[in-house]
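Summary of structural features
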Amino acid sequence: MGETSDEPPTSAVLLDNCHFSQVVFNNVEKFYVPGGDVTCCYTLTQNIVPRGKDWVGIFRVGWKTTREYYTFMWAPLPSDAHSDTAVQQHIQFKAYYLPKDDEYYQFCYVDQDGVVRGASVPFQFRAETEDDILVVTTQGEVEEIELRNKNLHKENEELKASCASLQKQNIDLQEELKKTQELQNSLESLRSNTEKLELELNSLKKENKHLKELDDCREAELHQLKEQIQNVTSDKERLETRLKAALEHMDQLQSRVLNYEKEVENLSHMDRDKTEQLESLKEENHQLRMTRTQQKEQNKELEHCMEHLKGTAAKLSLCLSHCVQNEQQQNRDLMKELEEQKRLFQILEAKKNEADEENQKLREENDGLLRHLSEAREVSSFSVVSQTQASIPAREVGDLLFGNPYCAAGANLGAGAADMASIRKCPMCDEVFPEDIETSQYEAHVQSHLLECPLCSESFEKSNKQVFDDHIFCHGLE
């Protein structure tokens, strides 16, 4: 229907939202003769700003939207578009594009947004007749016209109601359109976020795959470490067992060394006792000098042997530090050392026996001298002391494994018997008793200072309890 191929801008805006007063159509005829061109004159008020896409269309009366135009022409722009006064414009519709029926039409000015800015009064396209000059109607025609007017009025009311409904629907549709646009915007945002999340998901998948590979490697390494820990633990337990056994063996060796040291100490005590005994005999009997000289030489030999034993004990202590690495060889060396010590102890025992024999001879000579001295002074108490000494017999040296190194106690008692015979004095605590005291009381006092061995009945001073304990220990070595 239009004169050009370009479609004018239209919209679904209803009539209530249009502004018909912004453009006023002038000199609109009641009807136009078909077959001729039609000139449309209109005035642009100061309330409208014309634009390049504004147009003027011919609409059938009863139209609802600007899409229902029959034909249109582009509205020309005025020479002074920004004028503050009204501007007269006109356009011409060609006869070819005009309607051919006798329905009512009207001009409408529509801007480029599709909104109606002005509308003319209705007109028709029909030929001019005499009836147009003078119309005579009958009563029936008047009634028919009134009925038609009622119907038109009723139809107008219905159209108004439909227009209101359409306006409401248009508002709802616009709201839905806004919501749809918002949803589209949110959808686009969600799509972009989804793409970002997919990229992140892909990167996370790659990272997860890499982490899984690392986890597998770590698990393999952990498994190897666990195996190594188990091996180390088993080796540690095995070494702890060996170390425990070695420590136990070392404790046994240390106990043996302590026993040997005690024996060496006992021998040194024995040597000191013998030296003291020889010095006492030298003071008491000057005639035994030669014998005492020989005894000193023997004692020197014993000291040399003791020093050798101490050096051997030091060597044994040094060997104990290496017992864990070479315990079998050390055991053999210790056995050899023990054999050598036994042999040395046997030599010492033989020399000790010889010294004991010499001491026994000297003791017998000393006893003889004491007897002569007691007879010369006529003191009866000497017999009491002799009986006390006889009640404590000396054990033979050969009864012990290493001999008895404490036989000097009896010799000391015999050495001091000469003084006790005259003054009745206790040889242990130097307590003086009257001469008329009973012998049993004196013997009981002297016996209270002594400890008797339950195995060999040998007596020792209570003040030298260590000597008594060592004597009992020597019995345990037999």
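The sections below set out a description of the structure shown in this document. (Residues numbered from 1 in each chain as written. Predicted model: local features only at pLDDT ≥ 70, side-chain atom pairs only at ≥ 80, totals over all residues. Heavy atoms only, no water.)

1. Some details on the overall build of the protein
To keep it simple, the criterion reads: Secondary structure counts use DSSP, requiring at least four H or I residues in a row for a helix and at least two E residues in a row for a strand, with both numbered from the N terminus. Only heavy atoms matter for contacts: two residues are in contact if any of them lie within 4.5 Å across the pair. Here the Shrake-Rupley method, with its probe set to 1.4 Å, supplies the accessible areas, and only the displayed protein chains count as covering residues.
For the protein, the helix and strand inventory stands at eight helices and eleven strands. The contacts of the protein with a sequence gap of at least 6 include a subset with a gap of at least 24, amounting to 67%. Approximately 31,300 Å² of the protein is accessible, and the part contributed by carbon and sulfur atoms is 51%.

2. Describing the packing of aromatic side chains
One pair of aromatic rings is described through two measures. These are the centre distance and the angle between the planes. Short version of the rule: To pair, rings of Phe, Tyr and Trp, with the six-membered ring standing in for Trp, must have centres within 6.5 Å; the planes then decide the type, stacked if under 30 degrees apart, edge-to-face if over 60, and tilted in the middle. To sort residues, take the accessible area from a 1.4 Å probe on protein chains only and compare it with the maximum for the residue type: under 20% means buried, over 50% means exposed, and anything in between is partly exposed. Throughout this description, the term charge over a ring refers to an Arg CZ or Lys NZ atom that lies within 6 Å of the ring centre and within 35 degrees of the ring normal.
Under the criterion given, the structure shown has 18 aromatic pairs. With a centroid separation of 6.0 Å and an interplanar angle of 25°, the aromatic rings of F25 and F107 are classed as stacked. With F25 in strand 1 (residues 23-26) and F107 in strand 7 (residues 105-110), the pair connects residues that are 82 residues apart, well separated along the chain. Of the two residues, F25 and F107, neither departs from the other in class, the shared state being buried. Seen from their ring centres, Y69 and F72 are 5.7 Å apart, and the 85° between their planes marks the pair as edge-to-face. Like F72, Y69 is buried. The ring of F31 has R126 sitting right over it, with the charged end atom 4.4 Å from the ring centre. Positioned above the aromatic ring of F473, the side-chain terminus of K262 is 5.7 Å from the ring centre.

3. Points about a nonpolar patch on the surface
Operational definition: Candidate patch residues must exceed 30% relative accessible area and have no salt bridge, after which like charges are joined if within 9 Å and Val, Leu, Ile, Met, Phe, Trp or Tyr side chains if within 5 Å. The working definition used for a salt bridge is a side-chain nitrogen of Lys or Arg within 4 Å of a carboxyl oxygen of Asp or Glu.
Together, L222, L225 and I229 line one region of the surface with nonpolar side chains, adding up to about 280 Å² of accessible area. Tracing the backbone through its elements, the reader meets L222 in helix 1 (residues 139-284).

4. Some details on the sheet that holds strand 6 (residues 87-93)
What counts is decided by this rule: For two strands to count as paired, DSSP must find a minimum of two bridges between them. All axes here are fitted lines through C-alpha atoms, helices being fitted over the stretch that makes contact, and every angle between N-to-C directions spans 0 to 180 degrees.
Reading across from one edge, 1-3-6 is the order of the three strands in this open sheet, with antiparallel pairing throughout. Only two strands of the sheet have a single partner each, and these edge strands are strand 1 and strand 6. Ignoring which end each strand starts from, the neighbouring axes of this sheet average 30° apart. Strand direction decides the pairing type here: strand 3 (residues 38-44) and strand 6, joined by seven bridges, are antiparallel. Looking at the pairing, L44 lines up with V87 of strand 6.

5. Re the pattern of salt bridges
As enumerated under the stated definition, the model contains eleven salt bridges in all. For the salt bridge of K274 with D356, the shortest nitrogen-to-oxygen distance reads 3.0 Å. Pair noted here: K274 is in helix 1 and D356 is in helix 3 (residues 327-377), with a separation of 82 residues, a long-range link. Measuring nitrogen to oxygen at the nearest pair gives 3.5 Å for the salt bridge that ties K465 to D469. One end of the pair, K465, and the other, D469, are both in helix 8 (residues 465-476), four residues apart, so they sit about a helical turn from each other. The exposure class of D469 is partly exposed, given its relative accessible area of 32%.

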